[in-house]
Amino acid sequence: MTELLTETVIQEPQRIRGLEMPWNRVMGSAEAPARAARVLGPWHPQEFMAECVETIPEAGGMMTFVFRRCDGAPLAFRAGQYVNIAFPVNGEEHEPVDRSYSLSSSPTEPWTFSVTVKRDPGGLVSPWVHDNVRPGTVLDMLGPVGAFHLPDADRRARYLFLAAGAGITPIMSMLRTIHSLPGTANVVVLYHGAEAGGFAFDRELAYIASVDSRVKVFYALGDRGRPEEWEGFSGRLSSAMIEEVAPDANGRQVYACGPEGYLNTATELLKKVGVDDTSIYMEFFSGDRKTLLEYQAEIALASDIAEEIAEEIADSAEDYYESQPAAFGLYEPGYDADGTLEASGLPLEVVEPEAPSTEAAKGGSEADSAAPSPDASSFDTVGTGSLTLSFMRTGINVRIDPEEHILGAAQRAGVRIGANCKEGMCGSCKVVKLSGEVEMNHQGGIRKREIDAGKFLPCCSTAQTDLVIDA
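Residues numbered from 1 in each chain as written. Predicted model: local features only at pLDDT ≥ 70, side-chain atom pairs only at ≥ 80, totals over all residues. Heavy atoms only, no water.

Quick look at the packing of aromatic side chains
Tallied over the entire structure, the rule returns 14 aromatic pairs. Ring geometry for Tyr159 against Phe161: centres 5.8 Å apart, planes inclined by 15°, an arrangement best described as stacked. Overall, the relative accessible area of 0% leaves Phe161 in the buried class. Each ring, one from Phe199 and one from Tyr219, has its centre 5.0 Å from the other, and the planes form 75°; the classification is edge-to-face. Pair noted here: Phe199 is in the loop between β10 (186-193) and α5 (202-211) and Tyr219 is in strand β11 (residues 215-221), with a separation of 20 residues, a long-range link. The ring of Phe48 has Arg69 sitting right over it, with the charged end atom 4.5 Å from the ring centre. (Phe/Tyr/Trp six-rings, centres within 6.5 Å; stacked < 30°, edge-to-face > 60°. Buried < 20%, exposed > 50% of the residue type's maximum accessible area, 1.4 Å probe, protein only. Helix = DSSP H or I, 4+ residues; strand = E, 2+ residues; numbered from the N terminus. Lys NZ or Arg CZ within 6 Å of the ring centre and 35° of its normal.)

Section: the packing of helix α4 (residues 168-180) against α5
Contact pair α4 / α5: the axes reach a minimum separation of 11 Å and the direction vectors enclose 30°. Between α4 and α5, the crossing angle belongs to the class labelled roughly parallel. Crossing of α4 against α5: the hand is left-handed. Within the contact between the two elements, α4 uses Met172, Leu175, Arg176 and His179 and α5 uses Glu204, Leu205, Tyr207, Ile208 and Val211. A per-class count over the contact of α4 with α5 returns six nonpolar, one polar and two charged. (Axes fitted to C-alpha atoms, helices over the stretch in contact; angles between N-to-C directions. Parallel < 35°, antiparallel > 145°, perpendicular 65-115°, else oblique. Left-handed = near helix turned anticlockwise from the far one by under 90°. Contact = heavy atoms within 4.5 Å. Nonpolar A, V, L, I, M, F, W, Y, C, P; charged D, E, K, R; others polar.)

Describing unusual backbone geometry
The omega torsion of the bond from Gly143 to Pro144 falls at 5°, within 30 degrees of zero and hence cis. Following the sequence through the fold, Pro144 ends up in strand β7 (residues 138-145). Look at Ala157: it is not a glycine, yet its phi comes out positive at around 50°. Among the secondary structure elements, Ala157 is positioned in the loop between β8 (153-154) and β9 (158-164). For Ala157, a relative accessible area of 0% gives the class buried. Even without being a glycine, Phe201 presents a positive backbone phi close to 65°. For Phe201, the location among the structural elements is in the loop between β10 and α5.

Focus on the sheet that holds strand β13 (residues 253-258)
Within the open sheet, the six strands sit side by side as β12-β11-β10-β9-β13-β14. Their pairing is parallel. Among the strands making up the open sheet, the edge pair consists of β12 (233-234) and β14 (280-284). As defined by bridge partners, β13 adjoins β14 across five bridges and the pair is classed as parallel. Each residue of the ladder has a partner; that of Ala256, found in β14, is Met282. Each of β9, β10, β11 and β13 is contacted by α4, which is oriented at about 150° to β9, the strand it contacts most. Relative to β11, α5 is tilted by about 145°, and along the sheet it contacts β10 and β11. (Pairing = 2+ DSSP bridges.)

Brief notes about α4
Under the 1.5 Å per step criterion, the end-to-end length of α4 is 18 Å for 13 residues, consistent within 8% with the ideal 18 Å. In terms of burial, α4 is a largely internal element, eleven of the 13 residues being buried. Listed as buried for α4 are Ile168, Thr169, Pro170, Ile171, Met172, Ser173, Met174, Leu175, Arg176, Thr177 and Ile178. (Expected span 1.5 Å × (residues − 1).)

Focus on the pairing of strand β24 (residues 467-470)
Only one face of β24 is buried: it carries Leu467 and Ile469, and the other face, with Val468 and Asp470, is open. Here strand β18 (residues 387-391) pairs with β24 via three bridges, running parallel. Within β24, the position partnered with Leu389 by the bridge is Leu467. Of the pairings in the sheet, the one linking strand β20 (residues 431-435) to β24 comprises three bridges and is antiparallel in character. Bridge assignment links Lys433 to a residue of β24, and that residue is Ile469.

A few points about the pattern of salt bridges
In the structure shown here, the tally under the stated rule is eleven salt bridges. We note a salt bridge from Asp131 to Arg119, for which the minimum N-O separation is 2.8 Å. Of this pair, Asp131 sits in helix α3 (residues 126-132) while Arg119 sits in the loop between β6 (113-118) and α3, and the two are twelve residues apart along the sequence. Linking Arg158 and Asp248 is a salt bridge whose minimum nitrogen-to-oxygen distance equals 2.2 Å. Of this pair, Arg158 sits in strand β9 while Asp248 sits in the loop between α6 (239-245) and β13, and the two are 90 residues apart along the sequence. A relative accessible area of 26% places Arg158 in the partly exposed class. (Salt bridge = Lys/Arg side-chain N within 4 Å of Asp/Glu carboxyl O.)

Here's the deal with the environment of Pro151
The topology assignment puts Pro151 in the loop between β7 and β8. Setting aside chain neighbours within four positions, we find Pro151 in contact with Met21, Tyr159 and Tyr255.

Dropping the structure here:
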């Protein structure tokens, strides 16, 4: 074991001037950008389905939910924007409840994205989200939405980030973005919390501040009592506090997020220290009726835009792939008039915390791959009907009549199949038929080549013979 007994002096990295988002050159290009670059540009809000792949508990009663789009596409957004999510709080048979949550991840890592939700014990949605959204949960989303975001290019790039409580969420996206990019940005974060142990992302914030000389992070407790060992600020936001952490506040772009009262105070204090109105950007996490109506109008506009471009995306994707030589063997995502369809990939398998180690898991996987296929005749059989559905991964046989839709019978028997529209349109319930015949009456949720590959939509299919299904 080597011990570092002397401190090594490390020089500051050489950086380019200012801060520039990676897609900025694409947006300004006179030539038509390459397809991959266009996909990564934050041009339009879209309606899409996303699958939760990870949950991360945070301090302060918050939880981060990591998602990936079901169509396999990246989510292009600007740091600070939000998505509108439909939550089936009252059950799949009832209208979902929409809520908007800021993206907390960086758009420079667009293949997965995160929202961080604070549990409000008296709220309708946030407790449901904490208790029910888990890896495998699929939700309808609209986004990105919002004008509260970092600029695409900033030659001076000097920022003051003010956050209170859950207001740290979009600020975290901005900070992660700046940390991931080159540039001479200079960032001061002042983060207000209610208790010493309640600052979300505190370990990551400490890490970023320790390795990135462009970033300074300060913490402040409100007007409640503070522990003896507390080394941060105490008391509500004040002009003295702002001037202490950022004496040059009037030369910075200020991004502030938090409750309405906190932001109203911040507005007055920033004026006192000389910050011009044009340098202040705010995102309200709570507000009056006027604020709520503004957000509703913003989401309605995003929905209209998403609807307008859905068919355009489908047409452009089809034209692009049809123009490519077949010999290239390009991966072609499924698409229809509503946009891209669900991408194929490995099935999501949730690993419990007490699962064996990676090496043990590898051994188990190899053993599983060598194991013979299970014998459906040994499965338990439930239900009544003249035909038998054998679900090989679930390990159960379900009896069904020829006129009954397969999805309903499967779900009643406990077979886990995700489903949204249940009318053959969205494709979210797609499964593979290993043997047997079905009659399917879909409405565009599945493509011919997928049917040729043995896939079908159980929500709009009936069994014509006994079936063996990979689910």
